[in-house]
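Listed here are the chains, written in short residue letters.
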Amino acid sequence: MMSPTRRTFLGLSGAAAVTAVLAAVGSDWFTGNGTGSHGALLPSRVPLPEPFTTALPIPREITPTDGVVDLVARRSAVEVLPGRTTEILGYDGTFPGPTIRARAGEPLRVRLRNELDLDTVLHLHGGVTPPEHDGYPTDVVVPGTVRDYDYPLGQRAAPLWYHDHAMDFTGPNVYAGLAGMALLTDDEEEALGLPSGERDIPLVICDRSFDADGAFAYPLIDPSRGRPGVELRYHGGLLGDCVLVNGAPWPVLEVDAARYRFRLLNASNARRYELALDQGATFTQVGTDLGLLEKPWVRSTLPLAGAERADVVVDFSDLPVGTEVTMTNRLDGGGPGQVMRFRVVRTASDDSRVPDRLSTIERLDPGAVAVTRDLHFALGPTGGAHHGGGMWNVNGITFHDGDVFTSRLGTLERWRLTTDVHHPIHAHLVGFQVEGPDGTPAWKDTVDLRPGDAREVLVPIEGYRGQYVLHCHNLEHEDMMMMVHFSVA
Ligand code: C2O
Ligand code: CU
Ligand code: CU
């Protein structure tokens, strides 16, 4: 096992940030920080539509038949901007892909047929999955073949999502459309009486930019994919100027004057959001990446970095018919500062509720920690052989350098995460226990670190033995080497 020391590499940019004072280890995982996104804006080369003129699409829902769900990854041409076609890579040809509704504790098989002309890998983000089904980045499904992914789903109800995870090309593949939600439910969650049916809606939020012909614009350094990586300007991350929700630009949803449950997912490659509502509306957060909070948390703003989810209830019942509630992103102005709008169109009955007590989360004992690991996410000189030049990395090493560490199944670890610039950090297989609202514990699979930040998470090593990845979920950082693997033994 290596003994990582904290290093301060000088890099292409952000060198000053490395020297920033480390924040005290704190409980403000969910409070955001008012600073924007790390990356560069790629302006669209077509006129973008007026916000709030397109209806919010609701992705098709699929449930397992005899435990099996079929997905076909394929190209298709869809209308994203009114009157134009955009070619996407989509599960079942749609973006987002269908919403999978499944039950925690019931094994799910996803049968993926790859009808693309490129390799793909399917990853269930947030799933506790054996290594051979987890979507290891080099374990590809080649074109023209079918692969069964078996998910035992021995875990809590949670808003998971699935996406491509191909080595070096996750950024362009997800940007092209290979992402969808997988909502797990269980008896505990169903008994709560939260809004359901047509009032339980996934909101997949991402930013995109468009080429002159209406295509999604992605600045691959080599469009033939002979070598990975994006143009130098976008090494920090690609930021689009058009916000899509469920694949539609700044859409509008007509709602009843009632409570709604929204499963928010930030599926952007690099953009962070700090979501807010107007007209006095608030978010009542009931869950995080990996399931229910202990109790509801009323919030006026809601930060969401790449891959993070928030399970929220919004109550429109006191608003007069005709009221328009706009969801904005406080980290930006202009197009990226707008997200979507809700229009209250009718009164309606509503028997949903948000109980004061949602769940019980066993608090892990820091005294039981067997191993403490330091993981530093920063720009550094390594990665050169593969990518040529300074690259994002973890502890100065990259995917090609072997396991960053080996963990022992059944033990508790503490990971001390540090950063140079913004990095949303995600590990496969394991969950992170963090401080939630009012000192209650909460479960996350992705935690957002600020520039020069230092945070600790408790990580129970549970599930399966084998090799998994740990990476930054800024997809440009991930593809450009900020991904390492670890083993569970
Ligand atoms: Cu969202 Cu390694 O994944
Ligand atoms: Cu994942
Ligand atoms: Cu990063």
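Structure first, text after, so check above.
Computed from a prediction, not measured in an experiment: that's the story for all the values here. (Residues numbered from 1 in each chain as written. Chains lettered and ligands numbered in written order. Predicted model: local features only at pLDDT ≥ 70, side-chain atom pairs only at ≥ 80, totals over all residues. Heavy atoms only, no water.)

### Regarding the coordination of the copper ion (ligand 3)
Logical step 1: Here the copper ion (ligand 3) is held by the protein donor atoms His423 (ND1), Cys472 (SG) and His477 (ND1), which lie 2.0 to 2.1 Å from it.
Logical step 2: The sequence motif formed by the donor residues of the copper ion (ligand 3) is H-x48-C-x4-H. You can see His423 sitting in strand E28 (residues 423-427) and its partner Cys472 sitting in strand E33 (residues 466-472), a full 49 residues away along the chain. (Donors = N, O, S within 2.8 Å, 3.2 Å for Na, K, Ca; no water. Helix = DSSP H or I, 4+ residues; strand = E, 2+ residues; numbered from the N terminus.)

### Remarks on empty space enclosed by the protein
Logical step 1: Inspection of every chain in the model, using the stated rule, returns 6 cavities of 30 Å³ or more.
Logical step 2: Reported here for the second largest cavity is a volume of approximately 80 Å³.
Logical step 3: As for the second largest cavity, its lining consists of 13 residues, and the residues nearest its centre are Ile100, Leu108, Leu124, Tyr151 and Ala182.
Logical step 4: Counting only elements with at least two residues in the lining of the second largest cavity, the list comes to strand E5 (99-103), strand E6 (108-114), strand E7 (122-125), strand E9 (158-164) and strand E10 (179-185). (1 Å grid on protein atoms, 1.4 Å probe; cavity = no way out; pocket = protein on both sides within 12 Å on 5 of 7 lines; lining within 4 Å. Points joined across faces, edges and corners; volume = space filled by probe spheres on them.)

### Digging into the pattern of salt bridges
Logical step 1: Applying the stated criterion across every chain yields a total of 40 salt bridges.
Logical step 2: Where Arg147 meets Asp139, a salt bridge forms, and the shortest distance between an N and an O atom there is 3.1 Å.
Logical step 3: Here Glu413 makes a salt bridge to Arg373, at a shortest N to O gap of 2.7 Å. In this pair, Glu413 is assigned in strand E27 (residues 412-419) and Arg373 in strand E24 (residues 369-380), connecting sequence segments 40 residues apart.
Logical step 4: On the basis of relative accessible area, Arg373 is assigned to the buried category, the value being 5%.
Logical step 5: Connected through salt bridges with shared partners, the residues Glu61, Arg101, Glu189, Asp200, Arg261, Arg263 and Asp311 form a single ionic network. (Salt bridge = Lys/Arg side-chain N within 4 Å of Asp/Glu carboxyl O. Buried < 20%, exposed > 50% of the residue type's maximum accessible area, 1.4 Å probe, protein only.)

### So, the coordination of the copper ion (ligand 2)
Logical step 1: His123 (NE2) and His426 (NE2) make up the full set of protein donors to the copper ion (ligand 2), lying at 1.9 to 2.0 Å. A residue pair is termed long-range when its members are at least 10 positions apart, and His123 in strand E7 and His426 in strand E28 qualify at 303 residues.

### Considerations on the side chain of Asn329
Logical step 1: By the element assignment, Asn329 lies in strand E22 (residues 324-329).
Logical step 2: By relative accessible area, which is 1% here, Asn329 ends up buried.
Logical step 3: Side-chain polar atoms of Asn329 contact the backbone nitrogen of Glu274, separated by 2.9 Å.
Logical step 4: Separated by 3.1 Å, the side chain of Asn329 and the backbone nitrogen of Leu331 make a polar contact.
Logical step 5: When residues no more than four places from it in sequence are discounted, the contact partners of Asn329 are Arg272, Tyr273, Glu274, Pro336, Gly337 and Val339. (Polar contact = N/O pair within 3.5 Å; in protein donor to acceptor, adjacent residues only side chain to side chain. Contact = heavy atoms within 4.5 Å.)

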